[in-house]
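# Residue-level structural notes
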Amino acid sequence: MKKTALVTGASSGIGEATATRLAMAGYKVYGTSRRAAKVGQRSFELLSLDVTSDESVEAAVNEVLRLEGRIDLLVNNAGFGIAAGAAEESSMEQARSIFETNFFGIVRMTRAVVPHMRRQRAGRIINIGSVLGFLPMPYAALYAATKHAVEGYSESLDHELRTRGIRVSVVEPAYTKTQFGANFVQPDAKLDEYREIRASLGRTLTEVMAAADEPGVVADVVLEAASAARPKLRYTAGARAGRLRLLRRFAPAGLIDTGIRKDLLLSVGKRRNPNLAWKWNPNSSATRSAIGKKRTS
Ligand SMILES: NC(=O)c1ccc[n+]([C@@H]2O[C@H](COP(=O)([O-])OP(=O)(O)OC[C@H]3O[C@@H](n4cnc5c(N)ncnc54)[C@H](OP(=O)(O)O)[C@@H]3O)[C@@H](O)[C@H]2O)c1
């Protein structure tokens, strides 16, 4: 019997690559989009879904259950970012709005699907997090906060559900070449104080995203997590994300703190170098020796 997968945000990027990959691997896949009717032909079914709406979530989940009778895998992927800006440059409304999609969207989907998985006594939930779920990102504070929330929720949920046959994993990509940057919403309370750094980080982000991993890298990791007999809680996706996870785990906090500030030139008045965080060289001899010391201590 084919397993049924439901993948949110499958109209582009990581969600589309994941839905395609799962379909190729033999899953019966239902992807979702807020504008399903306008999205062209795909190798999987596309349902209408807005993860910020209780009614929309209920309708999409009920539709899959009506058609297939079960949901074996839920991939919570739908999400968006806010263009580079200081934390105080987003209104409370904007702060709530990014949580509404990136975090409460996952909570809503989980609440709708878990009762069915419990009845089946089997199921997998894979949440698309980010390296910014375990690292800070100045000038993307709200986005990083949503991804940190995803980590805490997923780890707790996995403890609750594992004896009921359901496992939860988080997949943590670094920069990935998708429509993510093009879909950024602008900070809605901009201040002159941050004009320069906003512009320069915006340019750098565009460059870094253009040279980033393809979304298929993340899709392969989702499939790996979905198929594992004993899934891990966390999977990094791509070489850069793997290096950053190692750094977070083994490097002293001070080294990471300094690396981020140096990289973004946050300690100097003017930015001279447009290199963005995570270009910071995790393979430098200083970093390696710091990691080595921590590992052996
Ligand atoms: N790209 C990166 O560098 C990167 C790195 C780490 C993590 N991520 C995470 O990966 C996930 C996918 O992002 P992506 O890079 O593939 O970006 P993307 O190409 O912009 O795709 C985002 C998807 O989310 C959907 N979406 C957005 N808001 C939604 C809502 N309220 N309800 C339902 N669907 C919604 C969009 O669908 P419609 O607009 O068609 O509704 C779209 O399919 C996000 O969670 C993102 O945070 C991305």
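Residues numbered from 1 in each chain as written. Predicted model: local features only at pLDDT ≥ 70, side-chain atom pairs only at ≥ 80, totals over all residues.

Our next topic: the overall build of the chain. Broken down by element type, the chain carries ten helices and seven strands. When the 297 residues of the chain are sorted by exposure, 41% land in the buried category. Considering only contacts in the chain between residues 6 or more positions apart, those separated by 24 or more positions represent 71%. (Helix = DSSP H or I, 4+ residues; strand = E, 2+ residues; numbered from the N terminus. Buried ≥ 20, exposed ≤ 12 C-beta atoms within 10 Å, placed from the backbone. Contact = placed C-beta atoms within 7 Å.)

In an α-helix, one turn spans 3.6 residues; hence positions three or four apart end up facing the same way. For helix H8 (residues 239–250), with twelve residues, the first-to-last C-alpha span of 17 Å sits near the 16 Å given by 1.5 Å per residue. Along H8, the residues classified as buried are Ala241, Leu244 and Leu247. Considered in projection along H8, the buried side chains sweep an arc of 120° and stay on one side of the axis. For H8, the exposed residues set more than 90 degrees away from the buried face come down to Ala239 and Arg249. (Expected span 1.5 Å × (residues − 1). Arc of directions from axis to C-beta.)

Time to look at unusual backbone geometry. Non-glycine residue Arg121 carries a positive phi angle of around 55°. A count of 9 C-beta atoms within 10 Å places Arg121 in the exposed class.

Another aspect to go through is the site of the ligand. The local shell around the ligand holds 29 residues, among which Gly9, Ser11, Gly13, Arg34 and Gly79 are the closest. With three residues, helix H1 (residues 13–24) is the largest single contributor of residues to the shell around the ligand. Here the residues of the shell around the ligand sort into ten nonpolar, 16 polar and three charged. (Near = placed C-beta within 6 Å. Nonpolar A, V, L, I, M, F, W, Y, C, P; charged D, E, K, R; others polar.)

It is characteristic of soluble globular proteins that their nonpolar side chains tend to be buried jointly. By size, the foremost hydrophobic cluster in this structure holds 70 residues, and its most contacted members are Val171 and Val222. Residues in contact with Val171, not counting those within four places in the same chain, are Ile126, Ile128, Gly129, Val218, Val221, Val222, Ala225, Tyr235 and Ala237. (Core = buried A, V, L, I, M, F, W, Y, C linked by C-beta atoms within 7 Å.)

Here we take up the packing of helix H4 (residues 104–120) against helix H5 (residues 141–161). Direction vectors running N to C along H4 and H5 enclose 15°, while the axes themselves pass 12 Å from each other. With respect to their mutual orientation, H4 and H5 come out roughly parallel. Remark: the crossing between H4 and H5 carries right-handed chirality. On H5, the residues that touch Ile106, Val107, Thr110 and Val114 of H4 are Val150, Tyr153, Leu157 and Leu161. Of the residues in the contact of H4 with H5, the class split is seven nonpolar, one polar and no charged. (Axes fitted to C-alpha atoms, helices over the stretch in contact; angles between N-to-C directions. Parallel < 35°, antiparallel > 145°, perpendicular 65-115°, else oblique. Left-handed = near helix turned anticlockwise from the far one by under 90°.)

The next subject is the sheet that holds strand S5 (residues 123–128). The sheet built from seven strands is open, its strands ordered S3-S2-S1-S4-S5-S6-S7 with parallel pairing. The open sheet terminates on both sides in strands that have one partner only, identified here as strand S3 (45–48) and strand S7 (234–237). Taken over all neighbouring pairs, the strand axes of this sheet differ in orientation by 20° on average, direction set aside. Here three bridges tie strand S1 (residues 4–7) to strand S4 (residues 73–76), and the two strands are oriented parallel to one another. Opposite Leu6, over in S4, you have Leu74 as the bridge partner. Against the sheet, H5 makes contact with S5 and strand S6 (166–173), and its axis sits at roughly 160° relative to S6, the strand it touches most. (Pairing = 2+ DSSP bridges.)

With that out of the way, let us pick up the environment of Gly79. Mapped onto the elements, Gly79 comes out in the loop between S4 and helix H3 (92–102). The class of Gly79 is buried, set by 27 C-beta atoms lying within 10 Å. Gly79 sits 70 residues away from Gly9 along the chain, and the two C-alpha atoms are 7.4 Å apart. The residues touching Gly79, leaving out its near neighbours within four places in the chain, are Gly9, Thr101, Asn102 and Ile128.

Attention now moves to the pairing of S5. Most of S5 is tucked away, with six of its six residues classed as buried. Of the two faces of S5, the one holding Gly123, Ile125 and Asn127 and the one holding Arg124, Ile126 and Ile128 are both buried throughout. Note that S4 and S5 share four bridges and pair parallel. Residue Asn76 lies in a different strand from S5, and its bridge partner there is Asn127. Pairing of S5 with S6 involves six bridges; the strand directions are parallel. Within S6, the residue paired with Asn127 across the bridge is Val170.

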